[in-house]
Number of protein chains: 2
Amino acid sequence: MSPDDYAISHHSNAHALVHADEALAQHLPFSGLSDQQRTDILDQATVKRISLNDTCFSEGDEARNFYVLLDGALKIYRSTDDGEQVVIIHISPGQMFGIARAYADDTYQMTANAVCDGLALSWSSENWDRFMRDYPEFERAARKAIGERRDEMSDKIVDMATLQVEQRIAKAILRLTKRYGKTVEGGIEIGFPITRQDISEMTGTTLHSVSRYMSKWQKAGIVRSSRRRVIVERPEALPI
Amino acid sequence: MSPDDYAISHHSNAHALVHADEALAQHLPFSGLSDQQRTDILDQATVKRISLNDTCFSEGDEARNFYVLLDGALKIYRSTDDGEQVVIIHISPGQMFGIARAYADDTYQMTANAVCDGLALSWSSENWDRFMRDYPEFERAARKAIGERRDEMSDKIVDMATLQVEQRIAKAILRLTKRYGKTVEGGIEIGFPITRQDISEMTGTTLHSVSRYMSKWQKAGIVRSSRRRVIVERPEALPI
DNA sequence: CGCCGACTTGATAACCTTCAAGCTCCGTGG
DNA sequence: CCACGGAGCTTGAAGGTTATCAAGTCGGCG
């Protein structure tokens, strides 16, 4: 259920694992740090291998750790009393998540769920204040993270308040191809398995409506989709 | 259009103005500070008198100042391409707002508009990093502020994704009475003038729907409302 | 007094959910 | 290997919710 933790005792170890991910250098939390600082930070990191459907943390859990996603994708959602899930944001590589401390929270307010296999670094929340104080670039990355969340959430509020279901679905799919898109022959594919139900939980509608509109777009040659896969062939043709 | 600024040259001045508001002592940004620190902070503050409909800042403006609301109420909204307003959150006394720096932004992402007369303190954004470093309680207040915003926004997303219009309106009104309610004979009144249109902009619906449901509730003896006024008589009878 | 903003209310129709049924694909166990 | 079962997907029909269109009322202010 919960992903395995691999505590890093030797920083050579951490570096080996982490340098394997060539994207690390570009990831903001690490990009502006000195080699010494980076070493310090990685020494205290735990590498988490994340598998599809893993829950990194759940709404209400004590906020023991904060994370940086290195690879993969997560959905962050809240559950309603009657078991419905409402997806609030997604996390992509390079983003911090589980940063309850940045909000003065002791517990996580949402649930984080892996939508594909991935890799993350994690630190004990006890480190938060010290990291913020000692590593300016890390602190800046935290500000950027909460700004990105706010933007993504306020976009969603505006969309739900003003757009019809078809446009909301179109926008959600477009956004996913931009953030997680992989170029394939004849289009851009969302880079992880995603169901009609998943999309409905992102847009506040039903899986039936998602299915209907995607069928319509498929007939129009705008998207191509099958079981858990979505390929956008003509992004510009999606209804806004 | 824009509220007048009253620069404070003598801290005796600032203290006089500010101690007049007996609530200040409870306001988090100031509650945990030493007298010396509070004096330092107030010395650098500008007191802004805010009048109904004043715009403190607009979406896209350079983020020159950050604020603490002492009295009154603000709506924070975004405008769509076709001129619609979508209210994202409200601000009540004691809350920080305009804290773009906390999100690593150079510009304001939303517009802040006074829904009644009020009073605020403001500081130049240049002070932000120093305040965060030197005044732990102020920093804690900032974390709390962004946490409250996130909660309010994610609540709104969940509501819009799962509730019908009637319930969303009921919830919005209930929330307003809790945050801005004034006890009057026979109920709790929302403490500032508010139109059906305002409520529709908070809930992603039309003024017509708001009017219809409020008429229905009025007939049922749950609310009493007139031009720009809303009094809730039986909060527990509102449909969730 | 007259205007204008705020509010109300009916009628109509569009949009979307709900209900229902059936299909396809894939993995699994006999 | 094949049958079965279930998850994911599709599509029609029906009905409810909500927006839109259209009038018209109310009340305060210049």
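Scroll up a little and you will see the structure.
Rules used throughout
- Residues numbered from 1 in each chain as written.
- Chains lettered and ligands numbered in written order.
- Predicted model: local features only at pLDDT ≥ 70, side-chain atom pairs only at ≥ 80, totals over all residues.
- Heavy atoms only, no water.
- Contact = heavy atoms within 4.5 Å.
- Buried area = accessible area lost by both parts, 1.4 Å probe.
- Salt bridge = Lys/Arg side-chain N within 4 Å of Asp/Glu carboxyl O.
- Polar contact = N/O pair within 3.5 Å; in protein donor to acceptor, adjacent residues only side chain to side chain.
- Helix = DSSP H or I, 4+ residues; strand = E, 2+ residues; numbered from the N terminus.
- Nonpolar A, V, L, I, M, F, W, Y, C, P; charged D, E, K, R; others polar.
- Near = heavy atom within 4 Å.
- Axes fitted to C-alpha atoms, helices over the stretch in contact; angles between N-to-C directions.
- Parallel < 35°, antiparallel > 145°, perpendicular 65-115°, else oblique.
- Left-handed = near helix turned anticlockwise from the far one by under 90°.

Quick look at the interface of chain B and chain A now. Between chain B and chain A, the residue contacts involve 31 residues of the former and 31 residues of the latter. Buried area between chain B and chain A, both sides added, is near 2900 Å², and the carbon and sulfur share of it is 65%. Area buried by chain B at its contact with chain A is led by B:Arg143, B:Arg150 and B:Ile157, which between them contribute 24% of it. Linking chain B to chain A there are 6 salt bridges. B:Arg78 is the salt-bridge partner of A:Asp155, the closest N and O atoms lying 2.8 Å from each other. The tally of links from chain B across to chain A stands at 10 residue pairs in polar contact (both at pLDDT 80 or more). Put simply, the parts of the chain that give the side of chain B that touches chain A at least two residues each are β6 (85-91), α4 (128-134) and α5 (136-162) of chain B. For the side of chain B that touches chain A, the element with the most residues is α5(B), which contributes 16 residues. Considered class by class, the residues forming the side of chain B that touches chain A number 13 nonpolar, 6 polar and 12 charged.

In this section: the protein's contact with DNA strand D. In the vicinity of DNA strand D lie 18 residues, with A:Arg196, A:Ser211, A:Arg228, B:Val165 and B:Ser209 positioned nearest. A breakdown of the atoms of DNA strand D within 4 Å of the protein gives sugar and phosphate a share of 68%. A distance of 3.1 Å separates a base oxygen of DNA strand D from a polar side-chain atom of A:Arg212. Contributing elements (two or more residues each) for the surface near DNA strand D: α8 (207-219) of chain A together with α8 (207-219) of chain B. If one sorts the elements of the surface near DNA strand D by residue count, α8(A) sits on top with 5 residues. Counted by class, the surface near DNA strand D contains 3 nonpolar, 10 polar and 5 charged residues.

Residue and element names in this part refer to chain A. At their nearest, the axes of helix α5 (residues 136-162) and helix α6 (residues 165-180) sit 10 Å apart, and the two run at 155° to each other. What the angle tells us is that α5 and α6 run roughly antiparallel. The crossing of α5 and α6 is right-handed. Residue-level inspection shows Glu 152, Asp 155, Asp 159 and Met 160 of α5 in contact with α6, the latter providing Arg 168, Lys 171, Arg 175 and Arg 179. Grouping the constituent residues of the contact of α5 with α6 by class yields 1 nonpolar, no polar and 7 charged.

Shape descriptors only; they carry no functional weight alone.
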